[in-house]
Amino acid sequence: MKKATLLRENVSMKKVCLLIVCAILVLSVFTACGKKAEGTINEEAQFLVGDWDGEPWMSEVWTFNEDGTGHNENSIFPYDLEYVYDDGVLEVYEYLGSLKSDTPVNYAVTINSDNQIVLTDEDGYEYILTK
């Protein structure tokens with residue numbers, strides 16, 4: 001009787017281990033996808049580096065670092081980010097905890113002055129940011 005119980009426990013333990021390994025593999029697939037920021041931004045993107053205040057009603061601050069990382073601090077959903085800027089398009093990869101989005105949110109960037117830019121998202125909504 002003991003051998004049968006031990007055998008069933010051994011099979012159950014193998015199933016649990018297999019399930020855990022499968023879950024880890026699935027999670028690693030999601031974290032491995034997506035374009036990686038370069039480590040340092042290109043010369044064209046240097047104007048972005050720093051803190052940018054959003055419109056007062058949103059109470060939002062975008063931070064862009066020289067290494068292609070940043071943060072969006074807002075009252076609804078603050079998040080870390082990686083970004084790539086090329087030819088007037090800002091690609092923002094958002095993080096949910098340690099998971100990075102597979103596809104970027106793209107913004108067309110219009111430079112109004114040295115201290116003001118407009119980000120226009122794919123739906124046509126404009127975010128006015130001031131340094």
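Cut-offs used in this document
- Residues numbered from 1 in each chain as written.
- Predicted model: local features only at pLDDT ≥ 70, side-chain atom pairs only at ≥ 80, totals over all residues.
- Heavy atoms only, no water.
- Helix = DSSP H or I, 4+ residues; strand = E, 2+ residues; numbered from the N terminus.
- pLDDT = per-residue confidence, 0-100.
- Contact = heavy atoms within 4.5 Å.
- Buried < 20%, exposed > 50% of the residue type's maximum accessible area, 1.4 Å probe, protein only.
- Polar contact = N/O pair within 3.5 Å; in protein donor to acceptor, adjacent residues only side chain to side chain.
- Patch = residues over 30% accessible without salt bridge, like charges linked within 9 Å, V, L, I, M, F, W, Y side chains within 5 Å.
- Areas by Shrake-Rupley, 256 points an atom, 1.4 Å probe, with all protein chains shown as cover.
- Salt bridge = Lys/Arg side-chain N within 4 Å of Asp/Glu carboxyl O.
- Phe/Tyr/Trp six-rings, centres within 6.5 Å; stacked < 30°, edge-to-face > 60°.

Some thoughts on unusual backbone geometry
Here comes step 1: For Asp87, which is not glycine, the phi dihedral falls at a positive 50°.
Here comes step 2: Tracing the sequence through the fold places Asp87 in the loop between strand 4 (79-86) and strand 5 (89-96).

Looking at the confidence of the model for the chain
In low-pLDDT segments, the atomic positions of the prediction should not be examined closely.
Here comes step 1: Here the chain shows a mean pLDDT of 80. Residues at 70 or above account for 69%.
Here comes step 2: Every residue in residues 25-32 is under pLDDT 50, and counting partners more than four places away or in other chains gives three contacts.

Examining the side chain of Lys100
Here comes step 1: On the secondary structure map, Lys100 appears in strand 6 (residues 99-100).
Here comes step 2: Residue class for Lys100 comes out buried when judged on its relative accessible area of 11%.
Here comes step 3: A distance of 3.0 Å separates polar atoms of two side chains, one belonging to Lys100 and the other to Glu82.

Some words on a nonpolar patch on the surface
Here comes step 1: A cluster of nonpolar side chains, Ile76, Phe77, Leu96 and Leu99, forms an exposed patch at the surface whose accessible area comes to about 410 Å².
Here comes step 2: Inspection of the secondary structure puts Phe77 in the loop between strand 3 (69-73) and strand 4.

Here we look at the side chain of Asn72
Here comes step 1: Topologically, Asn72 is positioned in strand 3.
Here comes step 2: Polar contacts involving the side chain of Asn72 include one to the side chain of Glu60, which spans 2.9 Å.
Here comes step 3: Within the structure, the side chain of Asn72 is placed 2.5 Å from the side chain of Asn74, a separation counted as a polar contact.
Here comes step 4: Not counting chain neighbours up to four residues away, the residues in contact with Asn72 comprise Glu60, Val61, Trp62, Pro78, Tyr79 and Leu81.

Quick look at the packing of aromatic side chains
Here comes step 1: The final tally for this structure, using the stated rule, is seven aromatic pairs.
Here comes step 2: With a centroid separation of 5.7 Å and an interplanar angle of 90°, the aromatic rings of Trp62 and Tyr107 are classed as edge-to-face. Of this pair, Trp62 sits in strand 2 (residues 61-64) while Tyr107 sits in strand 7 (residues 105-113), placing them 45 residues apart in sequence. The exposure classification of Trp62 matches that of Tyr107, with both residues buried.
Here comes step 3: On the numbers, 5.0 Å between centres and 75° between planes, the contact of Phe64 with Tyr83 is edge-to-face. In this pair, Phe64 is assigned in strand 2 and Tyr83 in strand 4, connecting sequence segments 19 residues apart.
Here comes step 4: Among the aromatic residues, those joined into a ring-pair cluster are Trp62, Phe64, Tyr83, Tyr107, Tyr125 and Tyr127.

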